[in-house]
Each structure stands twice: as structure tokens, then as C-alpha cells.
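# Per-entry structural report
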Amino acid sequence: MGIKVSKNILRWLRWNLLLWKRFLKKPSFFLVLLMIPVVALILRIQTNENSGALHIGLVQTNKNDEFSTNVMNHLTKQDSIIEFSVFENEEDADWQMNYGKLDAAWIFSANCDQLMDVYTKEYSTEEPLVTIKEREESVFLQLSREKLYGAMYPYYSYSFYKHFVESYIEDEIDCQEDILRQYYNVMNEEEGIVEFAYNDDTLMEEDSSSQSYLTTPIRGMLTLMVLVCGFAATLYYLQDKKRNLFRILSKQSGIMYYYAYQWNGMLIAAIIVTISIYVSGIHQGMAREIVTMLCYIFSSTALCGFMGVLCDRVERLSSIVPFFMLLSVLFSPIYFTIRKNNWISYAFPTYYYLNAQHSMEFLKRMMIYGIVLYALTGVLFYYRKKTDMDE
């Protein structure tokens with residue numbers, strides 16, 4: 001009995017090794033593997049260059065205006081997903097916007113200092129401090145205005161504070177500028193009043209906000225490549241089945257050898273993806289990366305196996321895969337999260353994997369997802385096998 005088990009294990013290991021050799025000899029499969037580090041490298045290089053989600057022009061009408069100078073310096077020196085450029089005049093910014101090189105232009109008035117002073121005293125001004133011109137209305141441009149408000153707020157806050165002191169408690173303290181600043185800056189600016197954390201209570205890194213927005217989808221895009229390799233391996237299996245290569249083998253242990261295709265195909269890709277994630281600097285620690293990736297392979301193998309048995313033909317599966325991958329991009333939190341009809345996301349293992357980076361609950365859900373699909377695949381597999389034997 002023990003000798004038989006040992007032979008079966010050796011046969012299983014030999015079969016997996018042969019699959020590795022076979023996959024790596026496939027030009028299409030090797031090309032997909034080659035694309036993984038290339039995509040990661042390109043995106044990583046782009047993060048060190050000007051690659052903002054928006055390009056906004058800043059125009060200072062009066063170079064001697066202290067308020068506009070401070071706000072523009074704050075915007076241009078701060079790391080952001082928005083790329084800011086300074087223009088000499090409004091006409092140059094309009095020209096760039098007309099030719100699609102700028103998404104918007106923020107024009108600062110010539111007398112912002114006086115206007116801010118009037119606004120904090122009377123709560124209204126006849127002339128705006130900043131005029132915003134936009135090429136079109138979009139969600140990103142609406143959110144970008146919050147960046148402007150945030151840059152303006154410290155100066156508005158100090159001006160309001162200064163006028164309050166001068167109006168109500170001037171007799172009690174000396175209202176010299178340096179004294180006012182001293183009282184205003186009592187709070188230690190190095191200690192933030194807001195703390196950012198993930199839902200597993202781990203704190204975000206202090207410099208995470210300075211990372212380019214392009215680093216955000218790297219993980220999602222790379223893990224989709226693992227799923228692509230899983231579907232490719234399933235197509236290879238269906239081709240081999242069509243050639244009757246498993247007529248003898250399937251009688252012994254059909255479904256195990258069937259899953260070996262998906263598992264090995266994705267394991268090769270997963271090794272390269274994990275290394276690429278680590279090199280890209282977006283890893284959560286190698287131990288956690290390995291655990292979540294193994295769970296992802298577990299669930300993705302179940303999905304690819306289920307789709308392969310369900311379609312049972314190369315033509316059917318190959319026609320469904322592009323549509324399925326498109327839906328995976330849309331309903332997985334790679335670039336954005338869709339709130340409406342969120343239940344559709346439950347059909348994609350990438351959705352669970354990306355959310356599981358900071359949530360053990362999603363790791364459990366990913367495992368349950370895989371177990372359910374393994375059960376369904378087992379029923380369908382042996383039904384197809386029985387039907388083929390009857391024929």
C-alpha cells in the first residue's frame with residue numbers, strides 16, 4: 001500500500017514538472033509571463049516622472065501678492081496626483097487649455113491680500129480671489145478644487161484669527177505680528193490631528209500619500225495576469241482533451257490532473273508577480289504576500305476549473321475569457337470601486353484578493369468562494385466524464 005502511494009506521489013510530481021516545461025515552451029504563455037515584469041517596470045518608472053491624473057495651470061496676476069505666492073508655492077511643491085504648472089499670463093494658460101494640454105487654469109486676482117482681508121472682516125467680497133477655468137466638467141476636476149481650498153485655508157484661518165483678536169481682545173494682549181504668530185502656532189505642526197489606518201488597524205505609512213497614483217493599480221493589474229495564465233492553462237487542457245491525450249490518464253485520477261494544469265500555470269505566474277510586487281515597493285511583507293497569493297491561486301484555480309468544465313470547448317471558453325477579464329477590471333477595486341450592484345464583484349477572485357490585503361474577513365470569503373466552486377466543478381466534471389464514457 002505504501003509503495004503504491006509513493007509511486008502515485010512520484011507520478012504526480014513528474015506530471016507537474018512536465019507541465020512546467022510544457023508551459024514555458026509555449027510562446028503565447030511565455031509572452032504573458034514576460035509581460036508581467038515589463039508592466040511592473042514601466043509603471044514603476046512612470047511613478048518617478050510627471051504623471052498626474054490632471055494638469056492644472058496656475059496664473060499669478062500680481063507677482064508681489066503674498067497670498068497668491070504662498071498658495072502657488074504650496075501647490076507646486078507638494079507631492080500630488082495633480083500636476084501643476086505656472087504660467088506668466090492668462091492667455092498662455094487659455095492657449096494650452098484650448099489645445100488639450102491643460103485640464104484647468106486657476107487665475108489668482110491681483111490683490112488677493114486685500115480681498116482676503118476684506119473677506120475675513122465682512123464675510124463677502126465683490127471680486128473673487130481665484131477664478132477657475134475648466135476645459136470640461138469632470139469628477140476629477142471637482143475633487144481638485146478641494147486641493148485649492150486646502151491650500152487657501154491656512155491663510156484664511158490666520159487672517160480670520162487675526163481680525164478676531166484685533167476686534168475682541170486687542171486690549172488684553174499685544175497684537176504685534178510676531179506675537180500673533182506665536183499664539184497661532186502653539187500646536188506642534190509635526191503632530192497631525194488625523195491618523196490614517198486600514199480596516200485591520202494597521203497604520204498607513206507616513207509617506208504613502210506621496211506615492212504616485214500609478215502605484216495603486218500595479219497589484220491589481222499584475223494579479224489579473226495570474227488569472228490570465230490560469231485561463232490559458234485551462235485552454236491547453238481542453239486542447240489536449242480534444243486530442244484524446246487523457247483517455248487512459250483520466251480513468252485513474254482525472255480531476256487531479258485537470259487541476260494540475262490551472263495550478264501550475266498560475267503558480268509560475270504568481271512567483272513572478274510576487275517578486276514584481278516586492279520590487280515595486282508595494283508589498284505588505286513577504287509572509288503576508290505569499291499567504292494571500294496562495295489563497296488567490298486556490299480560488300482562481302477553482303474558477304478556471306469551473307469555467308473549463310462548464311464550457312468544455314476551446315472555442316466557447318476562448319470567447320468568454322476576454323469578456324470575463326474586462327468585467328474583472330471593472331468590478332475589482334483596481335482603479336476604482338463600484339458601489340452600485342456590488343454583488344457582481346463577488347464572482348471575481350481578484351475582488352477578494354485586493355480587499356484581503358488589509359482584511360482577514362475577505363481572505364476567509366476568498367477561501368469559501370474557492371470551496372464552493374471546487375464542489376460545483378467536481379459535480380460537473382464527473383457528470384461530463386460519465387457522459388463521455390456513455391458516448
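Quantities reported herein were computed from a predicted structural model and do not represent experimental measurements.

## Quick notes on the sheet that holds strand S2 (residues 82-87)
Within the open sheet, the four strands sit side by side as S2-S1-S3-S4. Their pairing is mixed. In this open sheet, the two strands that pair with only one neighbour each are S2 and strand S4 (130-134). Adjacent strand axes in the sheet meet at a mean angle of 20° when their direction is disregarded. As paired strands, strand S3 (residues 104-108) and S4 are joined by five bridges and run antiparallel to one another. Along S4, the bridge assignment pairs alanine 105 with lysine 133.

## Overview of the pairing of S3
Within a regular strand, the side chains alternate between the two sheet faces. Burial within S3 is extensive, with five of its five residues counted as buried. The two faces of S3 match: Ala104, Trp106 and Phe108 on one face and Ala105 and Ile107 on the other face are all buried. As judged from the five bridges shared by strand S1 (residues 54-60) and S3, these two strands associate in the parallel manner. For isoleucine 56, the partnering residue across the bridge sits in S3 and is alanine 104.

## So, the packing of aromatic side chains
In the structure shown here, the tally under the stated rule is 24 aromatic pairs. Note on phenylalanine 84 and tryptophan 106: the rings are 5.6 Å apart at their centroids and 55° apart in plane angle, and the pair reads as tilted. Residue phenylalanine 84 is located in strand S2, and its partner tryptophan 106 is located in strand S3; the two are separated by 22 residues in the primary sequence. You can call phenylalanine 84 buried: its relative accessible area is 12%. Overall, the relative accessible area of 0% leaves tryptophan 106 in the buried class. Relative to phenylalanine 362, the ring of tyrosine 351 lies with its centre 5.7 Å away and its plane at 80°, an arrangement referred to as edge-to-face. Note that tyrosine 351 is positioned in helix H12 (residues 349-355) and phenylalanine 362 in helix H13 (residues 360-390), a separation of eleven residues in sequence. With a relative accessible area of 7%, tyrosine 351 lands in the buried category. Take phenylalanine 362: its relative accessible area is 13%, and that puts it in the buried class. Ring-pair connections join several aromatic residues into one group, and the members of that group are Phe23, Phe29, Tyr236, Tyr237, Tyr258, Tyr259, Tyr261, Phe298, Tyr374, Phe381 and Tyr382. Looking at lysine 26, its charged tip hangs above the ring of tyrosine 236, at a distance of 4.6 Å from the centre.

Procedures and definitions
Residues numbered from 1 in each chain as written. Predicted model: local features only at pLDDT ≥ 70, side-chain atom pairs only at ≥ 80, totals over all residues. Heavy atoms only, no water. Pairing = 2+ DSSP bridges. Helix = DSSP H or I, 4+ residues; strand = E, 2+ residues; numbered from the N terminus. Axes fitted to C-alpha atoms, helices over the stretch in contact; angles between N-to-C directions. Buried < 20%, exposed > 50% of the residue type's maximum accessible area, 1.4 Å probe, protein only. Phe/Tyr/Trp six-rings, centres within 6.5 Å; stacked < 30°, edge-to-face > 60°. Lys NZ or Arg CZ within 6 Å of the ring centre and 35° of its normal.

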